[in-house]
Every structure is written in structure tokens, then in C-alpha cells.
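Below, each chain spelled out in residue letters.
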Amino acid sequence: MKRTGLLLLIMFTSLLSPCGAQEGGEQASPWAIGLRGGWTSTTISRYDGGRMDEAYSALGGFEAGIQGRYTVNPWLALRAHLSFMQRDHRMDRNLNYLDPVYTKHRNDYLVLPVMADFSFGGEVVRGHLLAGGYAGYWLNDHRKGTTYWMTDYYVYFEDFEDTREFTDEDQRLTAGVVFGAGLSYSIDSRWELGLDALYYYDLTSHHRGYDNVADPRYLNTLSLTFNIHYKL
């Protein structure tokens, strides 16, 4: 993952650096760096495969990371960020006698999106339309909930909390598309505040499936973040 991120950064720099030159005179650097943080909400898309008694729902989490931007011209920039992102969801059993059974999954990811940033507006307040792709790496799956076990006469319920061990069925590398919109406010010539709403749509399943049994599972995450940029 580290080598992939470094390669993307080198390509990103080598492709865009020549655009920074301007004939005759000095100009402000097109680069900006910053921090981001906010809230996420994730749903899971999974083929039921006969599991009619399982219901999946969204859970909230948080995101935090670093970001960079390269301004190509007044209306176009390229943006990238590296974030720690929680992509959480919940499963409930909906059979009457199993109503107490549920599992909350806290899925921690590192995500690296690269996006085109189309902006419009004035010098102080600008709107942004964002679109691109992302790669991610699944760090862990922390589970919490209530399970059950049965005897001939009773159903027993038991609370649990653990971090699941990954297996060969898990696909920890993920990739997808990301798109959204944002708003930025320039405090002065150097500092800028922003608000982004981004949607991450997995194109790769985080489960490889079993022998002769396909079981694709995709995560879709809405991210709302506050950002601060410093123009170099």
C-alpha cells in the first residue's frame, strides 16, 4: 500500500509540475496542503443467498486525514487525500424468536482518492464538483453484538465483542469511484476553509466468496468533511 501511494504521488507530481511555469515573472504556487475530518455513513450491498432473515442497515463513523491540491487553472484542479475512514454497518436477524440477535461491524479503512475538482464562483466563495477514483485497504473488522445458541428446549442469547481475524475469503484491497460536491471559503491569500460531501462506491467486493458459492459484498459510503487548506 505504501509503494502504491508513493508511485501515485510521483506520477501526480511529474505530470503536473510542468504546468506550474509561467512566462515572465513569479506566480503563486499552485500547490495547497491541508487536513480533513468529519462523519461517514456506510451501507452494504450483499446478495441474500437465501439469508432472508438478515437485514442490513447503515451505521455512522468518522474520517480524518491529510490532503493535497494542484491548481491547473482558475476552474480546474486535481485533488488527492489519504484518510483513515470508518465504513461501518449493522446486521439484524428478523425472525421473531431471534429479534435480539444483531452484529455491528466497525470496518476501518485507509482510502486514497484522486479527483478532478471543477470549481465555479468568486474569489472568496466557490462551489466545487468532484469526480474520480479511489483505492483502499481494509485494516480491521471490529464486531459487537448479540449472538445465540440453542438446546432442545431453550434459545440462549449472549453478548460478544471482538476483532475478527481475516481469512482467505476476505479481499482487503478495494477500489471504486468517488464523486460529490463541495464549498470553499478563502480567509486570505493563504488559508481556505471547505466543506465536502463525497460518495464512495465500491467496484470490488470485499469478500472473495467460497468454493462454488459467490457471495459479493460491496460497501457504499457517504462522507461529510470539514477541510482546511494552506496554499504554498
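Predicted model only: the values in this text are computed from it and were never measured.

About the criteria used
Residues numbered from 1 in each chain as written. Predicted model: local features only at pLDDT ≥ 70, side-chain atom pairs only at ≥ 80, totals over all residues. Heavy atoms only, no water. Helix = DSSP H or I, 4+ residues; strand = E, 2+ residues; numbered from the N terminus. Buried < 20%, exposed > 50% of the residue type's maximum accessible area, 1.4 Å probe, protein only. Contact = heavy atoms within 4.5 Å. Phe/Tyr/Trp six-rings, centres within 6.5 Å; stacked < 30°, edge-to-face > 60°. Lys NZ or Arg CZ within 6 Å of the ring centre and 35° of its normal. Salt bridge = Lys/Arg side-chain N within 4 Å of Asp/Glu carboxyl O.

A. Quick peek at the environment of Ser186. Here Ser186 shows up in strand β8 (residues 173-186). Residue classification places Ser186 among the buried residues on the basis of a relative accessible area of 13%. Separated by 42 residues in sequence, Ser186 and Ile228 place their C-alpha atoms 9.9 Å apart. Beyond its immediate sequence surroundings of up to four residues, Ser186 is in contact with Glu123, Val124, Trp191, Glu192 and Lys231.

B. Spatial organisation of the packing of aromatic side chains. Tallying each qualifying case throughout the model produces 10 aromatic pairs. With a centroid separation of 5.6 Å and an interplanar angle of 40°, the aromatic rings of Phe62 and Phe84 are classed as tilted. Of the two residues, Phe62 is situated in strand β2 (residues 54-73) and Phe84 in strand β3 (residues 76-86); the sequence distance between them amounts to 22 residues. Each member of the aromatic cluster is reached from another via a ring pair, and the members are Tyr109, Trp138 and Phe166. Residue placement shows Arg87 over the ring face of Tyr109; its charged tip is 5.2 Å from the ring centre. Over the aromatic face of Tyr102 sits the side chain of Arg90, whose NZ or CZ is 4.2 Å from the ring centroid.

C. Structural detail: the pattern of salt bridges. Taken as a whole, this structure holds 12 salt bridges when the rule is applied. Close ionic contact of Glu63 with Arg36 constitutes a salt bridge, the shortest N to O distance being 3.2 Å. Placement of the pair is Glu63 in strand β2 and Arg36 in strand β1 (residues 31-46), with a sequence separation of 27 residues. Judged by its relative accessible area of 2%, Glu63 falls in the buried class. Residue Arg36 is classed as buried on the basis of its relative accessible area of 4%. The partner of Asp117 in a salt bridge is Arg79, with the nearest N and O atoms 3.6 Å apart. With Asp117 in strand β5 (residues 102-121) and Arg79 in strand β3, the pair connects residues that are 38 residues apart, well separated along the chain. Here Asp117 falls in the buried class, since its relative accessible area comes to 2%. By relative accessible area, Arg79 is classed as buried at 5%. Because the salt bridges share partners, they merge into one network encompassing Arg36, Glu63, Arg79, Asp117 and Asp196.

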